[in-house]
Structures are given as C-alpha cells and as structure tokens.
Amino acid sequence: MTFEKHILCIGAGYVGGPTMAMIAHQCPQYRVTIVDINPDRIAQWNSDVLPIYEPGLDELVKATRNRNLFFSTNIEQGIRENEIIFVSVNTPTKTFGTGAGMAADLQYWEKTARQILEHSTSPKIVVEKSTLPVRTAQAMERILNTSQNHVRFDVLSNPEFLAEGTAINDLKNPDRVLIGSRETEEGLKARNTLVEIYANWVPREKILTTNIWSSELSKLVSNAFLAQRVSSINAISALCEKTEADISEVARAIGTDSRIGSRFLNASIGFGGSCFKKDILNLVYLCRYYGLEDVADYWEGVIKINGYQQERFVRNMLTAMFNTLSGKRICLFGFAFKANTGDTRESPAIYVARRLLEEQAEVVITDPKALDNARIDLADARGTVHFVDDPYEAARGCHAIAIMTEWALYGELDYARLYRQAEKPAFIFDGRNILDPRRCFELGFNVFSIGKRPLTHF
Ligand SMILES: NC(=O)c1ccc[n+]([C@@H]2O[C@H](COP(=O)([O-])OP(=O)(O)OC[C@H]3O[C@@H](n4cnc5c(N)ncnc54)[C@H](O)[C@@H]3O)[C@@H](O)[C@H]2O)c1
Ligand SMILES: O=c1ccn([C@@H]2O[C@H](COP(=O)(O)OP(=O)(O)O[C@H]3O[C@H](CO)[C@@H](O)[C@H](O)[C@H]3O)[C@@H](O)[C@H]2O)c(=O)[nH]1
C-alpha cells in the first residue's frame, strides 16, 4: 500500500504513544512510525502490555499497530524515510549547573536535533511536540541550518494539551490544536501541511495558528493558569478550615460565575504530574532570565502554595492524631498523581508517604494501577512500607486512611466494613474530598476533609 504521508515521532512516551496512535487511527492513509532510544519501551509498545495505562489506548493501538502504526528503535531509518518528524522527547527540569532546579533540561531535545540533521537527506518538517521554553525553535533552526547538504528544514511548534487519564478523549475531541510557525512563505506552507493532518478529524475552527513564539509560550502559560486555579482554591481551603466556611460551597458559589467557570476548582492535597511544576519553574526561570523578577515571583507563588498544601495535610494528620504518628499504621488510598493513570511523577502521595515515614509511621499503600511505580518512588525511603493490592487488606488494622488519589473505587468501598477493621479511634483524611464526611463520621470515623470543618467524636 502507498501512504499519502510518512510521519515519524521521536519519543515513545505518555505523549508520543497516544498522540501518534490517534493520528494513525484517524488517518489510515498515513504511515506513522514511533521511535525511541529505549529498546524496552519499544518492546512494550509492541507487546500486549503497553508501557503506560490510559483508558482507551489499548484498543487504539490494537486497531492500528502493524497496519499504519509502527514502533521501532531504528531512529536513523525513521529520520531518513519520513518527511514529517514530531519530537516528543522528555524535557525535565535541569538538575545540574546553571538553572538547576528551574530551567528545562534540553539535552534530549538537542541530541534529537543533531540526529535529525545527521540523517536527513530530504526536506523535513520538524514539529516541536515536547513542552519547551519560548524561543527554543530558534535554537533548533540554528542547529538544523548548519547542514552542508542543503536539506531544507521547517520547524513548527505544536504543543500537546492532553491530560493523563483522559488522553484519548482529549486527543479525539480537543478544545483546540495549536500550531505555531514562522510567518514566511515556507513557514506557512509547512504549517498548512500540519493543519491538513489534524483537519482529518478536528474541526477547522478548533485548529489555531499563531506565530511560533506565541505557540511555544502558550503551552507554558496554559499549564501555569491551570495550576494557578488549583493553588488558588487550595489557598482558600486553608482559610475555610479556620473559619468554618466550606470549600466545596465556596467553589460552587464562585464557579457558577461564568467568567470564573466551575472546572479545576477541586481543592486537594495539591497538584502533581510531570508537567505543572516543571513548566511553571521553566516559566519562572524565563521571567528571571529576561529580568522580570516581579512576574517570576508571582508565578513562583503557585508552586509555593502547592508545597504548603502538602505539608499542611501532613501537619493536620499529626495534630489530629495526638501529635505523634510514631508506630501508627497509616493506609494511603491511591498513589497516582490523579485518577485513571498509573503515573506517579510528582505525585503528592510521594511527599506525604515520605513525611509520614519521617514521623516513624508505618505506611501501607494501595492503588489499582500505580503500585509498581510507587515501589520505585519509595525504593530509597527509610522505614516500613507495605504495598497491597486490595484496599480492604491494606486498611486492615490501620489507625488512619488517607485518600491521595480520587479513584472512583475509593468512593464506592464499604466504609462500615473499613471502620470495623480499623484501629480505634479511627481517622479518615480525605485529600481529595471524594467521601461524604457526614456519613463516614456517623459510621464512627473522625473525618478530616480539605477546606471543611473536621467531624470528630472527641
Ligand atoms: N505527560 C503528559 O501528560 C504531557 C502532556 C503534554 C506535554 N507533555 C510534554 O511532552 C514531552 C514528553 O513527555 P512524556 O510525558 O511523553 O515523556 P516520557 O518520559 O514519557 O517520554 C519521552 C520519551 O523520549 C525518549 N527519548 C529521550 N531522548 C530520546 C532520543 N534522543 N531519541 C529517541 N527517544 C528519546 C525517552 O526514552 C522516553 O521514552 C515533555 O516535553 C512533556 O513536558 C507531556
Ligand atoms: O481541580 C483540580 C484539578 C486538578 N488537580 C490536580 O492537578 C494535577 C494535574 O491534573 P491534570 O491537569 O488533570 O492532569 P495532567 O495530566 O497533569 O495535565 C496537565 O498537564 C499536561 C502536561 O503539560 C497538559 O497537557 C494538560 O493540558 C494539563 O491539564 C493532578 O494532580 C490533579 O489531581 C486538582 O488538585 N484539582
């Protein structure tokens, strides 16, 4: 079969895998190849057990794999044979040198640019899919244009907005697709090629085109605004706990103002995930780089409140449980950074577990999808940690249950049974406000929710 377009994606991660599977699924006329330097990851993508859990992903991959979707470790061949190259490698926070702990680490990104340069023998459209500091495209262009063999490269920015746990729906019905390009004749032509790909299933009016710098910056700003909402509601949750205002009522009251909107106002133990913290730190670093100290401080506040909220949660546990957690068995319901994913990157549960261990508590962790990652995250933690699949088993004999992840299953458990099995006095700390506090209280628990008056029997 001859294919209309040949598309490559470098980086077979949480973004590269689902994004390309969606293109392959919606566009059977294109041939899509995903490559990665990690052979184990590629082997998993080619197996029955995919490397990431994402509702709907298995079906998508099964329908397209070895039809017009291919996973490979042959990066050089991939570059040679494809005219459109998405780059979706990781861009973590730098851990060394200048900008350590703040700036984006662009080493994987730059290696990819050099590989593309080395192995290209025909014109390429290079698409930034990874999240990058604004003006990275310029560096990319500079590297690519050192070529002696006069291959033409056009660099586009096409940030990804999918959220984990809902990635397949987000990709299929996106609020928008953003494509940034140079505003030259060639830049606009490359942009149209990418617009054409998405137009196979995304309505035209949802495909936004901008200059390349706006596109790069909009990705960071989008995450900063979302995270800012979580930190704002979490900051107010602390005030609610002092004043007997109820955070759910406040969120509803403000969220019904259509100018504010109701989404992303769930108070919690704080945001996690691989993106929010990293991208805001990146934004803060950029602001400081350009001498915008006050702007940097403003956005840094979003991260500070997130750390404050996590520590506040542990302190509340400590205070409520008579100022000592030493030797107490505490069960964490959930370890993933949000529901419907096995991903634990930057999960608040990591912080909470480590702090509880510092207080010499015995920690029992249960999660339907994230236990393998949890084991890795806590491999170097000192103290007693158990990993248990069944939530009833995990909670047996515990002094407290702390809800870390809003998995639907934790709302549906038999809390009367959990109470019977618990050490008394029994505590629930609901870090996601998914339980009915009054009902749990009536069953006998002392209940501490986020931003609500505690319900205690003493
Ligand atoms: N995870 C998300 O929900 C999400 C959403 C939107 C945007 N992003 C952004 O997308 C990018 C990728 O994120 P992710 O979560 O998919 O990361 P990931 O770590 O899951 O995947 C990145 C992959 O790139 C591979 N890789 C690194 N260097 C390579 C190279 N030189 N050649 C080939 N492969 C290489 C790694 O082996 C890894 O498998 C990041 O910039 C991230 O900020 C992530
Ligand atoms: O009201 C809310 C909403 C979210 N969260 C938490 O915030 C974090 C992030 O959640 P979410 O944004 O749903 O998941 P991510 O997969 O991290 O997705 C974000 O980060 C991605 C990576 O850049 C972007 O593509 C997405 O648009 C952006 O939503 C999680 O810990 C959530 O539990 C809350 O505590 N309260």
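Residues numbered from 1 in each chain as written. Chains lettered and ligands numbered in written order. Predicted model: local features only at pLDDT ≥ 70, side-chain atom pairs only at ≥ 80, totals over all residues. Heavy atoms only, no water.

Caption draft 1: Quick look at the domain arrangement of the chain. Domain annotation for the chain reports domain 1 (5–202), domain 2 (228–304) and domain 3 (308–449). Distance between the C-alpha centres of domain 1 and domain 3: 37 Å. Tallying the contact residues gives 6 residues for domain 1 and 10 residues for domain 3. Counting the surface lost from both domain 1 and domain 3, the interface buries some 630 Å², and carbon and sulfur atoms represent 49% of this. Three residues stand out in domain 1 for area buried against domain 3, namely Y14, Y53 and E164, and they jointly supply 81% of the buried area on that side. Counting across the domain 1 and domain 3 interface gives 1 salt bridge. Along the contact surface separating domain 1 from domain 3 lie 3 residue pairs in polar contact (both at pLDDT 80 or more). Within the side of domain 1 that touches domain 3, the residues separate by chemical class into 4 nonpolar, 1 polar and 1 charged. (Domains from an automatic or database assignment. Contact = heavy atoms within 4.5 Å. Buried area = accessible area lost by both parts, 1.4 Å probe. Salt bridge = Lys/Arg side-chain N within 4 Å of Asp/Glu carboxyl O. Polar contact = N/O pair within 3.5 Å; in protein donor to acceptor, adjacent residues only side chain to side chain. Nonpolar A, V, L, I, M, F, W, Y, C, P; charged D, E, K, R; others polar.)

Caption draft 2: Examining the pairing of strand β9 (residues 329–333) more closely. Across the 5 residues that make up β9, a large majority, 4, are buried. Judged from the 5 bridges that link them, β9 and strand β10 (residues 362–366) form a sheet pairing that is parallel. Counterpart to R329 in the pairing with β10 is E362. (Buried < 20%, exposed > 50% of the residue type's maximum accessible area, 1.4 Å probe, protein only. Helix = DSSP H or I, 4+ residues; strand = E, 2+ residues; numbered from the N terminus. Pairing = 2+ DSSP bridges.)

Caption draft 3: Quick look at the site of ligand 1. If you check the shell around ligand 1, you find 27 residues, and the closest are V15, D36, R41, T91 and K278. Here Y14 contributes a backbone N or O atom positioned 3.0 Å from an oxygen atom of ligand 1. For ligand 1, an oxygen atom lies 2.5 Å from a polar atom in the side chain of T91. In the complex, 92% of the free accessible area of ligand 1, which totals 830 Å², lies under the protein chains. Looking at the shell around ligand 1, the element that brings in the most residues is helix α5 (residues 107–119), giving 3 residues. Tallied by class, residues from the shell around ligand 1 come to 9 nonpolar, 11 polar and 7 charged. (Near = heavy atom within 4 Å. Areas by Shrake-Rupley, 256 points an atom, 1.4 Å probe, with all protein chains shown as cover.)

Caption draft 4: How the structure looks around the side chain of H119. Here H119 shows up in helix α5. The buried category is assigned to H119, whose relative accessible area is 14%. Every residue in contact with H119, bar those within four places of it in the chain, is listed here: E76, I79 and R80.

Caption draft 5: Structural view of the site of ligand 2. In the neighbourhood of ligand 2, 21 residues make up the surrounding shell, with F161, L162, S268, C275 and R432 lying closest. At 2.7 Å from an oxygen atom of ligand 2 is found a main-chain nitrogen or oxygen belonging to F161. For ligand 2, whose unbound accessible area comes to 690 Å², protein coverage reaches 91%. Looking at the shell around ligand 2, the elements with two or more residues in it are α9 (212–243) and α11 (276–289). The greatest single-element share of the shell around ligand 2, amounting to 4 residues, is contributed by α9. Grouping the amino acids of the shell around ligand 2 by side-chain chemistry returns 11 nonpolar, 4 polar and 6 charged.

Caption draft 6: Region of interest: helix α12 (residues 293–320). Taking 1.5 Å as the rise per residue, α12 with 28 residues should run 40 Å; its terminal C-alpha atoms sit 39 Å apart, in good agreement. The sharpest bend along α12 comes to roughly 25 degrees, located at G301. Of the residues flanking the end of α12, it is F322, one or two places downstream, whose phi is positive at about 65 degrees. (Expected span 1.5 Å × (residues − 1). Bend = angle between axes of the 7 residues up to and from the residue.)

Caption draft 7: Region of the structure containing the packing of aromatic side chains. Here the structure, examined in full by the defined rule, presents 15 aromatic pairs. The rings of F322, F427, F429, F448 and F458 are connected pair by pair, giving a single aromatic cluster. The ring of W213 carries the charged tip of R135 above its face, separated from the ring centre by 4.0 Å. (Phe/Tyr/Trp six-rings, centres within 6.5 Å; stacked < 30°, edge-to-face > 60°. Lys NZ or Arg CZ within 6 Å of the ring centre and 35° of its normal.)

Caption draft 8: Molecular detail of empty space enclosed by the protein. Applying the stated criterion to the full structure yields 2 cavities of 30 Å³ or more. Estimates place the volume of the largest cavity at around 40 Å³. Every residue lining the largest cavity is listed: S47, D48, L50, D58, V61, K62 and R65. Grouping the amino acids of the lining of the largest cavity by side-chain chemistry returns 2 nonpolar, 1 polar and 4 charged. Of the voids in this model, the second largest cavity is the one considered here, and its volume is about 30 Å³. Lining the second largest cavity are E128, S130, T131, L132, S157, P159, E216 and K219. (1 Å grid on protein atoms, 1.4 Å probe; cavity = no way out; pocket = protein on both sides within 12 Å on 5 of 7 lines; lining within 4 Å. Points joined across faces, edges and corners; volume = space filled by probe spheres on them.)

Caption draft 9: Structural detail: the environment of G165. Turning to its location among the elements, G165 is positioned in the loop between β6 (153–157) and α7 (167–172). On the basis of relative accessibility, which here comes to 10%, the residue G165 falls in the buried class. In this structure, the C-alpha to C-alpha distance between G165 and E241, residues 76 residues apart in sequence, is 30 Å. Ignoring anything within four residues of it in the chain, the contact list for G165 reads E54, P55, A339 and N340.

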